[in-house]
Amino acid sequence: MSKGLGTLVALLAAVVLAIMATTPPMPQGPQTPPSEFAVARAMPDVVAIAREPHITGTPENARVREYIAARMQALGMEVSTSSGTVGERGTAKRNRWTGRSDPPPTLTNVIGVLPGRNRSLPAVLLMSHHDTVWGSPGAADDTAGIAVSLEVARAIKAGGGAERDLVVLVTDAEELGLEGAKQFFAEHPLRTRVGAVINMEARGGGGRTTLFQTSSDNGNAVALFADVARRPGGSSLAAYIYSVLPNDTDLTPVLAGSYTAYNFAFIGRSGLYHSPLATPARLDQGAVQDMGAQVLELSRALLNSPAMPAPSPDAVFFDLFGRIMLTYPAWAGWIMLIVAAGALGLSAREQPDLRALGSGAGRMAGLLLVAAALYYLLNLLSGADGPTNYYDRLAAIPRLEAMAALGGMAAALVLLGGALSPAGKVGAALPLLLIAAAAQAIAPTAAYFIVIPVMLAALALLSLQRSGGTAARAFAGAVAASVVGYMLALGHQVMQGVGPTTPMAAALPLALGALGLLPVWHGVTSRTARTGAAGLLILAMAVALWVRLDPVAETVAVYADTKR
């Protein structure tokens, strides 16, 4: 296989892996075995509930509650409600939506209990919310979570039941400040019988469902999920990032207690977040299937476990292209860093060229800085230099991703597109090795996405220097495919999460992907690199101007120009 062909094969394999990582599973039909999750059996609930917007304290909301209660009763659940009064801030938010000055509305949670064989054991609670924002039917946020809860309960019953009680809590007034969840976990007697909580949310209308938050000391809790999930999604990186963001879900009041807790969500098709067009017809059924399958597998394991997962040190965890969940102790990252540093040291010793080492390090550091600056400037060009509509920017995420991809490739071609000597490639790894060490010290459960690629790239460089044979080339190609594929998927997730406001965060996945490719990259001429980069940059600017000049998306929420 020629050198160029090997690089092309690695890149094509990386694209395939990235698609695998970011694509939800196929929806399952009504012929699916009764004890398994099938979105075809959940969608009638979505259609019935998400007919129209139903904010707290409206007749539409009361209709939804009655429907949910009737469905719970049909499943043989013990059904009850709990009520409270929405607080001052939630009432003010609701009145901004309606344009009225209504008194504080009453919130009503709906609770169903599917009895287990041993009712003295701590129960497992599935949580979602039935209220919507003003003007949105909320097919995803959070009707999908309700439908998943009901279908999971049906599948548990069809599979012969479980040892523990399954509690389905559908809260009210989540959109007004998590009021229903706060009321339940502060006052309801059932809260003391709960051992584990699984919350379901959505910000958008599709994409992969991921585990993005857990209770603290999650080592055993994550290990259980990793053991039972057949197509898992999630990472401790997402959990760390979410922990430092000012965001909340109904799981927030849960985390104040001693429960084992998990939070699942999908955030694809972001333009449908709080949108008047968030209808059942536009909901990605693959995303609901993804959520339902993972939640059912985890629920069944918890319901039949002799004991709830005991607290243990927080673990590193991440799904490998949506096929398996890897988990290991956070301290193992230091061992990987030692391996990476050792491999780079041996490579540098075999090719002792300090000038080339410095040049490679400077080019990689330059890529990080230039890419971040370029993303910042392109984002300004796309319209972020002035007042923006939060929901319009969410709708633009696919184009912002294309803008970032084109700009990133342009920067990479200019700085790393030319041929680098073996010593230069080793030098290119050094800035990222330092960043990996800093990340391991500051956030050990989140550092894996830097530590592992640096280690793999270092080993690939060393193997090529030591032998350069078929096995070494195959290993380097596999490293390139896996690292680039993972970084493509991670870049997609980064842009979905913070792309409209902070696309600069994609610079690090770009640099890591470039490092993973370097062992098999043989370079292009300076002219080719400059010409290609210029063309890519022009296209990136064109996409940015498209976003800037395009009319406001029809999907934007009806109640605000900015997020509230």
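Above this note sits the structure.
Everything numeric here is computed off the predicted structure, so don't read it as measured data.

*Asks:* Any details on the overall build of the protein chain? Residues and values, ideally.
*Replies:* When helices and strands are tallied, the protein chain shows 19 helices and nine strands. Here the C-alpha radius of gyration of the protein chain, 25 Å, is about what a compact globule of 564 residues would show, namely 24 Å. Expressed as lengths along the three principal axes of its C-alpha atoms, the size of the protein chain is roughly 75 × 55 × 40 Å. Burial statistics for the protein chain: of 564 residues in total, 58% are counted as buried. Contacts in the protein chain between residues at least 24 apart in sequence constitute 84% of all its contacts with a sequence separation of at least 6. Approximately 22,200 Å² of the protein chain is accessible, and the part contributed by carbon and sulfur atoms is 63%.

*Asks:* Lay out the side chain of Asp172 in plain terms, naming residues and giving numbers.
*Replies:* Summarising the element assignment, Asp172 is placed in the loop between strand 4 (166-171) and helix 6 (179-187). Among buried charged residues, Asp172 stands out as having no salt bridge; its nearest opposite-charge side chain is Arg65, 4.3 Å away. Non-local contacts of Asp172, meaning those with residues more than four positions away in its chain, are made with Thr56, Asn61, Arg65, Thr106, Leu107, Thr108, Asn109, His130, Asp131, Glu179 and Gly180.

*Asks:* For the nonpolar core, give the residues involved together with the corresponding values.
*Replies:* One finds Met364, Leu367, Leu432 and Tyr448 to be the most contacted residues of the largest nonpolar core, which totals 88 residues. Among all residues touching Met364, those that are not within four sequence positions of it are Leu416, Ala428, Pro431, Leu432, Ala511, Leu515 and Leu518. If you look at the next biggest cluster of nonpolar residues, it comprises 59 residues, including Ala144, Val170, Phe264 and Leu296.

*Asks:* Please give an account of the sheet that holds strand 2 (residues 106-114) that cites residues and values.
*Replies:* Here seven strands make up an open sheet; going across it, the order is 1-2-4-3-5-7-6 and the pairing mixed. Looking at which strands have only one partner, the edges of the open sheet turn out to be strand 1 (78-85) and strand 6 (206-214). Sheet twist, expressed as the average angle between the axes of neighbouring strands with direction ignored, equals 20°. Summarising the sheet, strand 6 and strand 7 (residues 260-268) pair through six bridges and their orientation is antiparallel. The partner of Gly206 across the bridge, within strand 7, is Gly268. Running over the sheet, helix 10 (residues 285-303) touches strand 3 (123-129), strand 4, strand 5 (194-202), strand 6 and strand 7 and is turned about 170° from strand 7.

*Asks:* So what's going on with the pattern of salt bridges? Residues and values would help.
*Replies:* Overall, the coordinates contain 14 salt bridges when judged by the stated rule. Note that Arg117 is salt-bridged to Glu163, the shortest N-O span being 2.8 Å. Remark: Glu163 occurs in the loop between helix 5 (139-158) and strand 4 and Arg117 occurs in the loop between strand 2 and strand 3; sequence separation between them is 46 residues. Ionic pairing is found between Glu297 and Arg230, a salt bridge with its closest N-O pair at 2.7 Å. In this pair, Glu297 is assigned in helix 10 and Arg230 in the loop between helix 7 (219-228) and helix 8 (236-244), connecting sequence segments 67 residues apart.

*Asks:* How would you summarise the pairing of strand 5 if you had to cite specific residues and measurements?
*Replies:* Summarising burial for strand 5: nine of the nine residues are buried, a large majority. In this structure, strand 5 lies alongside strand 7, joined through seven bridges in parallel fashion. Looking across to strand 7, one finds that Ala196 is bridged to Thr260.

*Asks:* Break down helix 11 (residues 332-350) for me, citing the residues and quoting the values.
*Replies:* Compared with the 27 Å implied by 1.5 Å per residue over 19 residues, the 28 Å span of helix 11 between its first and last C-alpha is a close match. If you check which residues of helix 11 are buried, you get Ala332, Gly333, Met336, Leu337, Ala340, Ala343, Leu344, Ser347 and Ala348. Along helix 11, the residues classed as buried sweep out an arc of 150° about the axis, all on the same side. Turned more than 90 degrees from where helix 11 packs its buried face, Ile338 and Arg349 sit exposed. Where the residues of helix 11 are buried, they touch strand 9 (324-329), helix 12 (354-384), helix 15 (422-442) and helix 16 (448-466).

*Asks:* Before we move on, can you summarise a nonpolar patch on the surface with the specific residues and values?
*Replies:* On the surface, Tyr240, Ile241, Val244, Leu245 and Ile442 cluster together to form a nonpolar patch covering roughly 450 Å² of accessible area. The greatest single-element share of the nonpolar patch, amounting to three residues, is contributed by helix 8. Within the secondary structure layout, Tyr240 lies in helix 8. Using a relative accessible area of 32% as the deciding quantity, one classes Tyr240 as partly exposed.

*Asks:* Could you give me a rundown of helix 8, with the residues and numbers involved?
*Replies:* Residues of helix 8 that are buried include every one of Ser236, Leu237, Ala239 and Tyr242, and no others. Next to the buried residues of helix 8 lie strand 6, strand 8 (315-320), helix 16 and helix 17 (470-498).

*Asks:* Mind laying out the packing of helix 12 against helix 15, listing which residues take part and the relevant values?
*Replies:* Two measures define how a pair of helices packs: the angle their axes make with one another and the distance between the axes. With their axes 6 Å apart at the nearest point, helix 12 and helix 15 run at an angle of 50° to one another. On the basis of their axis angle, the class for helix 12 and helix 15 is oblique. Note that helix 12 runs across helix 15; the crossing there is right-handed. Mapping the contact onto sequence places Ala356, Leu357, Gly360, Ala361, Met364, Ala365 and Leu368 in helix 12 and Ala423, Gly424, Val426, Gly427, Ala428, Pro431, Leu432 and Ile435 in helix 15. Each residue belonging to the contact of helix 12 with helix 15 can be placed in one class, and the counts come to 12 nonpolar, three polar and no charged.

*Asks:* Before we move on, could you go through the environment of Val46 and cite the residues and values that matter?
*Replies:* Looking at the element boundaries, Val46 is found in helix 2 (residues 39-49). Taking C-alpha positions, Val46 is 8.9 Å from Thr279, a pair spaced 233 residues apart along the chain. Ignoring any residue separated from it by four or fewer positions in sequence, one finds Val46 in contact with Ala139, Thr143, Ala147, Pro280 and Leu283.

*Asks:* How would you summarise unusual backbone geometry if you had to cite specific residues and measurements?
*Replies:* The amide bond that connects Asp141 to the next residue, Asp142, takes the cis arrangement and shows omega of 5°. Within the secondary structure, Asp142 is located in helix 5. Despite not being glycine, Leu178 has its phi angle at roughly 60°, a positive value. Judged by relative accessible area, Leu178 falls into the buried class, the value being 8%.

Calculation criteria
Residues numbered from 1 in each chain as written. Predicted model: local features only at pLDDT ≥ 70, side-chain atom pairs only at ≥ 80, totals over all residues. Heavy atoms only, no water. Helix = DSSP H or I, 4+ residues; strand = E, 2+ residues; numbered from the N terminus. Rg over C-alpha atoms; globule rule 2.2 N^0.38 Å. Buried < 20%, exposed > 50% of the residue type's maximum accessible area, 1.4 Å probe, protein only. Contact = heavy atoms within 4.5 Å. Areas by Shrake-Rupley, 256 points an atom, 1.4 Å probe, with all protein chains shown as cover. Lys, Arg positive; Asp, Glu negative; His and termini not counted. Salt bridge = Lys/Arg side-chain N within 4 Å of Asp/Glu carboxyl O. Core = buried A, V, L, I, M, F, W, Y, C linked by side-chain atoms within 4.5 Å. Pairing = 2+ DSSP bridges. Axes fitted to C-alpha atoms, helices over the stretch in contact; angles between N-to-C directions. Expected span 1.5 Å × (residues − 1). Arc of directions from axis to C-beta. Patch = residues over 30% accessible without salt bridge, like charges linked within 9 Å, V, L, I, M, F, W, Y side chains within 5 Å. Parallel < 35°, antiparallel > 145°, perpendicular 65-115°, else oblique. Left-handed = near helix turned anticlockwise from the far one by under 90°. Nonpolar A, V, L, I, M, F, W, Y, C, P; charged D, E, K, R; others polar.

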